[in-house]
Amino acid sequence: MGELIAVLSGKGGTGKTSVCAAVSTALARLGHSVLAIDCDMGLQNLDISLGLSDSGAISFLDVSEGGYRLEQAAVHHLFPALSFLTAPINRTAESVDEDAFRDMVRSAKRKFDYIFLDAPAGIDAGFSLAAKFADRCLIVTGADPAAMRDAARAAQRLELMGKTDVKLIVNRVSRRLFSNMAVTVDDVMDTAGLPLIGVVPEDPNVTLAAAFSAPLISYTNRGAAKACEAIAKRLEGRRVPLSIFDIF
Ligand SMILES: Nc1ncnc2c1ncn2[C@@H]1O[C@H](COP(=O)(O)OP(=O)(O)OP(=O)(O)O)[C@@H](O)[C@H]1O
Ligand SMILES: [Mg+2]
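Now for a look at the structure at hand. (Residues numbered from 1 in each chain as written. Chains lettered and ligands numbered in written order. Predicted model: local features only at pLDDT ≥ 70, side-chain atom pairs only at ≥ 80, totals over all residues. Heavy atoms only, no water.)

### Concerning the overall build of the protein chain
Each helix and strand in the protein chain was counted, giving 12 helices and 8 strands. Compactness check: the protein chain gives a C-alpha radius of gyration of 17 Å against a globular reference of 18 Å for 248 residues, within 12% of the reference. Within the protein chain, the fraction of its 248 residues that count as buried is 53%. Across the protein chain, the fraction of contacts at a sequence separation of at least 24, relative to all contacts at a separation of at least 6, is 79%. For the protein chain, the computed accessible surface area is about 10,900 Å², with 49% contributed by carbon and sulfur atoms. Charge centroids of the protein chain, computed over 26 positive and 29 negative side chains, lie 5 Å from each other. (Helix = DSSP H or I, 4+ residues; strand = E, 2+ residues; numbered from the N terminus. Rg over C-alpha atoms; globule rule 2.2 N^0.38 Å. Buried < 20%, exposed > 50% of the residue type's maximum accessible area, 1.4 Å probe, protein only. Contact = heavy atoms within 4.5 Å. Areas by Shrake-Rupley, 256 points an atom, 1.4 Å probe, with all protein chains shown as cover. Lys, Arg positive; Asp, Glu negative; His and termini not counted. Charge placed at Lys NZ, Arg CZ, Asp CG, Glu CD.)

### A short note on a nonpolar patch on the surface
The grouping of Leu208, Phe212 and Tyr219 at the surface amounts to a nonpolar patch, some 300 Å² of accessible area in total. Along the chain, Phe212 falls in the loop between α9 (204-211) and α10 (216-219). (Patch = residues over 30% accessible without salt bridge, like charges linked within 9 Å, V, L, I, M, F, W, Y side chains within 5 Å. Salt bridge = Lys/Arg side-chain N within 4 Å of Asp/Glu carboxyl O.)

### What to know about the site of ligand 1
Among the 17 residues in the neighbourhood of ligand 1, the closest are listed as Gly13, Lys16, Thr17, Ser18 and Asp203. Side-chain polar atom of Lys16 to an oxygen atom of ligand 1: 2.7 Å apart, as the coordinates give it. At a separation of 3.0 Å, an oxygen atom of ligand 1 approaches a polar side-chain atom of Thr207. Here ligand 1 loses 80% of its free accessible area of 630 Å² to cover by the protein chains. When contributions to the shell around ligand 1 are tallied by element, the ones reaching two or more residues are α1 (16-29), β7 (166-173), β8 (196-201) and α9. The leading source of residues in the shell around ligand 1 is α1, at 3 residues. When the residues that make up the shell around ligand 1 are grouped by side-chain class, the tally is 4 nonpolar, 8 polar and 5 charged. (Near = heavy atom within 4 Å. Polar contact = N/O pair within 3.5 Å; in protein donor to acceptor, adjacent residues only side chain to side chain. Nonpolar A, V, L, I, M, F, W, Y, C, P; charged D, E, K, R; others polar.)

### A word on the pairing of strand β5 (residues 114-118)
In terms of residue burial, β5 counts as a mostly covered element, since 5 of its 5 residues are buried. Burial of the side chains of β5 extends over both faces: Tyr114, Phe116 and Asp118 are buried on one face and Ile115 and Leu117 on the other. Pairing between strand β1 (residues 3-8) and β5: 5 bridges, direction parallel. Residue pairing across strands places Ile5 opposite Phe116, the latter belonging to β5. In this sheet, β5 lies alongside strand β2 (residues 34-38) in parallel orientation, the contact comprising 5 bridges. From the neighbouring strand, Val34 faces β5, where its bridge partner is Tyr114. (Pairing = 2+ DSSP bridges.)

### Some remarks on the environment of Phe116
The topology assignment puts Phe116 in strand β5. Looking at Phe116, the relative accessible area reads 0%, which means it is buried. A sequence separation of 119 residues divides Phe116 from Leu235, and the C-alpha atoms of the two residues are 12 Å apart. Apart from residues lying up to four places away in sequence, Phe116 is in contact with Ile5, Val7, Cys20, Val23, Ser24, Leu27, Val34, Leu35, Ala36, Ile37 and Leu235.

Here it is as structure tokens:
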């Protein structure tokens, strides 16, 4: 059985989509079958971060409610082990048939090793849809107080939903911040009340790779790409120490 992993935040723009794309492509490159699903209905952009923006991908609703099969999901030209379903444009999360969605992700778990759900910003219907059936949740936050507070709210919401496997990714960490990292990471973990699974540096390659329609891990193997690869390995269950030399 595969694992369903929701990538969430409280605050918008913390890097969910960028991290979701980099970690899912890293797992595909490590030899796993992966399905990445964009759950940001109306504001979808996971295709861009995956380097698939002209793929004409079908949406998850085409599969859950529209009669398409999972096998018809777009297959990545650089990572054939990675399939992708985009988010529908003209529907809201509230209107999604949850039973049909659950059946789709259950069947995806029989076909793929990892299924990633890239959640929208906020902690309302889209957040709940992405988290509801997830086996693991990753909360992506910045190290700033506003993002931390929202990550803590997201963590509380997940606790109310009965989610027990919830981990934190601190994104966009600067070198200067990393020097004080022991303090910062402890603060973030204390505020959110969650264990850490990775720290991703501030890295202009994240935006550059997207601008060149390239997946981050194909564009560079340093910085944020390396940090996301380390997160992928930790999700596999490997012990990868957190080291400043790995990410800067
Ligand atoms: N580690 C990073 N270093 C530099 N820029 C980053 C990093 N992570 C994300 N970004 C940039 O921050 C912006 C927001 O990232 P992204 O779209 O991944 O966030 P998001 O949490 O998915 O946003 P939303 O809540 O709107 O879905 C993008 O322009 C992206 O290129
Ligand atoms: Mg996003």
